[in-house]
Amino acid sequence: MSRYKRSATDVVRWPDDPDAREALEEWFAAVQSDSTAYLSGDFLDFRGADLSRLDLTGAYLANSRLVGVRFEDANLGDANLDNAELRGADFSFADLAKAEMVGCSAENARFRSARLFSVQFDEAVLAGADLSHAILNSAKFYKTDLRDANLEHASLRWCTLGGRTMPAVLTGARMVGAQFEGAKGAVVGPVLVDEGATRSLAGADLEAWFAEHGAESVQVVG
């Protein structure tokens, strides 16, 4: 049995906007007879909601307002959050595998220990976001703003970063196979760069490793 919830009685707090609440209620009614039904909430305002632990697989939330909304330990796998407003939203421990998040605004959002496998974060804003301990294998961060983001102990295997400013904290991150495509900015190491996560690089050695992988402008400051 799935740990995720699909009942209206499981909503911790409903959104303040009546249209967003109606969309949720319609989805809850639909999944009772069709387990493949998905939440259609594009362009709606879900502020004030706490949707933690809900099974929102495949939810269509493009261009929606999700500022400060809580999705802790929720399932948003395959969801579409393109261009959504996610400032300060909490996705801690959530599953967002293969979600589309192109162009989203997620300043200071929390993704701590979230599963973000193959997420598309291209051209998104993640400045100040907490991505520590997150699984970001094969994620795409092309032209993504990662200023002051925290990727401490995150798994970034085979991900793509570049085109804009790199995050500040990569301490303990696993980055084997990562591609950088002109990434720049100052980062804090050390970083684990081999398949077995046993080879740790810092300082000049880490700067040289970044340069070898297409990030000649990355400066290691710790």
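Preceding this paragraph is the structure being described.
Residues numbered from 1 in each chain as written. Predicted model: local features only at pLDDT ≥ 70, side-chain atom pairs only at ≥ 80, totals over all residues. Heavy atoms only, no water.

Asker: Please explain helix H2 (residues 203-212) as it appears in this structure.
Answerer: Every α-helical turn comprises 3.6 residues, leaving residues that sit three or four positions apart pointing alike. Taken residue by residue, H2 has Leu 206, Trp 209 and Phe 210 as its buried positions. Looking straight down H2, one finds its buried side chains confined to an arc of 100°; they lie on one side. Turned more than 90 degrees away from the buried face of H2, the exposed residues are Ala 204, Asp 205 and Glu 212. Lining the buried residues of H2 we find strand E3 (184-187), strand E4 (191-192), strand E5 (200-201) and strand E6 (217-220). Directly beyond the C-terminal end of H2, a positive phi value near 95° is found at Gly 214. (Buried < 20%, exposed > 50% of the residue type's maximum accessible area, 1.4 Å probe, protein only. Helix = DSSP H or I, 4+ residues; strand = E, 2+ residues; numbered from the N terminus. Arc of directions from axis to C-beta. Contact = heavy atoms within 4.5 Å.)

Asker: I'm lost on the pattern of salt bridges in this one. Help?
Answerer: Opposite charge on two side chains permits pairing when their charged atoms draw close. Applying the stated criterion across every chain, the model contains 13 salt bridges. Of the charged contacts in the structure, one is a salt bridge between Arg 3 and Asp 73, with a shortest N-O distance of 3.1 Å. Of this pair, Arg 3 sits in the segment before helix H1 (18-31) while Asp 73 sits in the loop between H1 and strand E1 (140-142), and the two are 70 residues apart along the sequence. Of the residues examined, Asp 73 reaches a relative accessible area of 23% and is grouped as partly exposed. In this structure, Glu 85 engages Arg 65 in a salt bridge whose closest nitrogen and oxygen atoms are separated by 3.4 Å. On the criterion of sequence distance, the pair formed by Glu 85 in the loop between H1 and E1 and Arg 65 in the loop between H1 and E1 is long-range, its members being 20 residues apart. (Salt bridge = Lys/Arg side-chain N within 4 Å of Asp/Glu carboxyl O.)

Asker: I would appreciate a short explanation of the nonpolar core in the present structure.
Answerer: Among soluble globular proteins, nonpolar side chains are generally buried collectively. Formed by 73 residues in total, the largest nonpolar core has its most connected members in Leu 96, Phe 111, Phe 121, Leu 136 and Phe 210. Element by element, the count of residues in this core is highest for H1, at six residues. (Core = buried A, V, L, I, M, F, W, Y, C linked by side-chain atoms within 4.5 Å.)

So yeah, pure geometry; function would need other evidence.
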